[in-house]
Each structure stands twice: as structure tokens, then as C-alpha cells.
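Residue strings, one per chain:
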Amino acid sequence: METLQSIEAVRAWRGSGELGFVPTMGALHEGHASLVRRSAAENARTLVSIFVNPTQFGPNEDLAKYPRTLEADLKLCEQAGASAVFTPNNEMMYPPGFCSWVTVEGLGDRLCGASRPGHFKGVTTVVSKLFHIVEPTRAYFGQKDAQQALILRRMVRDLDMPLELIVCPIVREPDGLAMSSRNRYLSEDERRRAVGLSKALFEAQRLFKAGTRTAAVLRGQLIITLDEYVDKLDYAELVDADSLQPVTEIAGPTLIAVAAWVGGTRLIDNVIVAP
Ligand code: AMP
């Protein structure tokens, strides 16, 4: 496996064959590994990028303390079947005078976008840049970040980006907690309580399967369960899985998404239900 440290090195390495691409911010876990394995199975070669993108963090967020574990990350990439890893730095991604942005209007204002203003503008801009640098055949993202996947899918379609975007299932810990680089922040007690997000979602899913279709009823149940476990709720929403518009009665694919603070850590999770 090669390590590529500059945009020029990626372009020289790229060649013309089928290439799968997995963009990440490092601190890799089994969730990331699942994307790399899927890409390696579906493409001749796979490139993983590791870049903690500063423009998607708000001024009071965890950019400075975001976990950086490059050595272990490289090992995980190699074991999962990556052909190369791209590790750009801030200077090459955002040269002096940088002032060009990619935004997807509307979809980025709700859910995580409401509590993290500017977050998705940072994501769409860096992912666009990475797509231009890497020119992947297929790019792999996790359903864990459901809103991000939806926004990127729209960006690829609206701007005719010549690649296929593939969204992979959420990988969870045995107790249900969605794997996340931010789980490393959790103390023992917080880790125990973090399971409340998936517990609440699975409970809502169970009620849905038992016939409940009224969003307010499901949302009420979500909040009761979350209140038992988390320190502060950010949101618990039932929205149309395509438009992210709130639903009142579940009639089509619906994203049930939650975000909550456990101690100083903001966690997100979701499930999709469909009648
Ligand atoms: P991140 O490094 O957090 O920016 O994540 C990089 C990619 O991995 C994104 O497409 C995430 O959605 C995906 N990802 C993160 N956690 C998981 C998980 N538990 N299961 C599946 N994909 C994940």
C-alpha cells in the first residue's frame, strides 16, 4: 500500500483504471473498514483519504482535539484492502486566498445543519475537491451520516460529477452503539449511556413494525428513551428519507434521526423505516 502526501502524487498514481474512493477524517474503526472492504471488492484499486477537514468544524467544535491515529489508520486501510492512502494537509487543500465553495441549498439547513451552521458547506466543498483530485469511479460513504450522504448524492447529480456514489450500512458495536471516531471521547459511564441513541431508534423501529404510523407518537417514545440516557437532546426527527421534510404520518421511506450530547460529546444515529 502506498502513502500519497500531495495532490501531484495522487494524480501521478491515479492512472486510468477503475478506482474506488473512501474519504475519511481518520481515527478509523470497523465502520470505515467496511467501506474500504466494499470498495476493494468492487474496484480494481481503492484509495482512502485521511484529512481532518477544518472547514466543516464550527468555531466551538472539536477540531483541535479530533483524534489523530495515523499509524493505526494506515494498518487498518492496508488490512481492509486499500491500494493507497492520501494524507493531504491544510495548506494544500486550502491555499492562501482560497474563496471558492460548493453548497447544496436547503437540504443542509435542517437536522445537523441547524445545530452546525456551515458544516455541510465544508463537507460538500472538501468532497468536491477530493473528487476532482482523485477522479474516482465509485465513492463510498456511510449511512451513519445520513444527511451528509443525501446531500452528497444531490451534489453529484446536480453538478454531473462523473462517479457513482454508494452508501453503506451503519456498523454498530455489539450493544447497538453506532461506531464513530468520537466514541473515543466517552468515559466509561458515558459509553454506557451512549447506547441510548440506538436503543431509542430500535424501540421506534419496533413500534413502527407493530403498526404505529404517527410521527408524533414515535417521536414521543424516542424522547422518553433518550431522556433516560443522554445529557442533552439536540434533535429527534422523523423526516422524508429523500427531501428531509418532516412527516406527520409515515407513508413512505422515513429517516428517523437523532443527535444528542453525552457528556461533552455530540453523537448521531439513525434508522430508516418504510411501510
Ligand atoms: P468520518 O471519518 O467520520 O468523516 O467518516 C468517513 C466515512 O465513514 C463517512 O462516509 C461516514 O459516514 C462513514 N462511517 C463512519 N462511521 C460509520 C459506521 N459506524 N458505519 C458505517 N460507516 C461509517
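Residues numbered from 1 in each chain as written. Predicted model: local features only at pLDDT ≥ 70, side-chain atom pairs only at ≥ 80, totals over all residues. Heavy atoms only, no water.

Some points on the layout of surface pockets
Note the following rule: Grid points spaced at 1 Å and placed over the protein atoms alone form the basis of the search, with a cavity being a set where a 1.4 Å probe fits but cannot get out and a pocket an open set showing protein on both sides within 12 Å along at least five of seven lines. Lining residues have an atom within 4 Å of a point. Grid points are joined across faces, edges and corners, and a volume is the space filled by probe spheres set on the points. Lys, Arg, Asp and Glu make up the charged group, whereas Ala, Val, Leu, Ile, Met, Phe, Trp, Tyr, Cys and Pro make up the nonpolar group; the residues left over, Gly among them, are polar.
What the second largest pocket holds in volume is close to 260 Å³. Ile-50, Phe-51, Val-52, Arg-68 and Pro-88 are, among the 16 residues lining the second largest pocket, the residues nearest its centre. A breakdown of the residues in the lining of the second largest pocket according to their chemical character gives nine nonpolar, five polar and two charged.

Here we look at the site of the ligand
Note the cut-off: Think of it this way: one heavy atom of a residue within 4 Å of a molecule or strand is enough to make that residue near it. Under the rule applied, a polar contact is a pair of N or O atoms within 3.5 Å (in protein, one hydrogen donor and one hydrogen acceptor; residues adjacent in sequence only if both atoms are side-chain atoms). The Shrake-Rupley method, run with a 1.4 Å probe, gives the accessible areas here. Residue values count only the displayed protein chains as cover. Helix and strand definitions here come from DSSP, where helices need a minimum of 4 consecutive H or I residues and strands a minimum of 2 consecutive E residues; each element is numbered from the N-terminal end.
What surrounds the ligand is a group of 16 residues, the closest being Met-25, Gly-142, Asp-145, Val-171 and Met-179. The backbone of Met-25 places a nitrogen or oxygen atom 2.9 Å from an oxygen atom of the ligand. Protein burial of the ligand: of its 480 Å² of free accessible surface, 93% is covered by the chains. Broken down by secondary-structure element, the contributors of at least two residues to the shell around the ligand are β2 (19–24), α2 (30–42) and β5 (138–142). Counting residues per element, the shell around the ligand draws most heavily on α2, which supplies three residues.

What to know about empty space enclosed by the protein
Applying the stated rule across the entire model yields one cavity of 30 Å³ or more. Here the largest cavity defines a volume of roughly 60 Å³. Of all elements in the fold, only α9 (196–209) and β9 (265–273) reach the threshold of two or more residues within the lining of the largest cavity. Here the element with the most residues in the lining of the largest cavity is β9; it accounts for three residues. Broken down by class, the residue content of the lining of the largest cavity amounts to six nonpolar, three polar and two charged.

Re the pairing of strand β8 (residues 254–262)
Keep this limit in mind: Here the term buried applies to any residue with accessible area under 20% of the maximum for its type, exposed to any over 50%, and partly exposed to those in between, with areas from a 1.4 Å probe on protein chains only. For two strands to count as paired, DSSP must find a minimum of two bridges between them.
The buried count for β8 comes to eight of nine residues, which makes it a mostly enclosed element. In terms of strand pairing, strand β7 (residues 232–240) meets β8 through eight bridges, oriented antiparallel. If you follow Leu-233 over to β8, its bridge partner there is Ala-260. When β8 meets β9, the two strands line up antiparallel, connected through nine bridges. Paired with Thr-254 across the bridge in β9 is Val-273. Connecting β8 to the next strand, β9, in antiparallel fashion are two residues, including Gly-263 with a positive phi near 60°.

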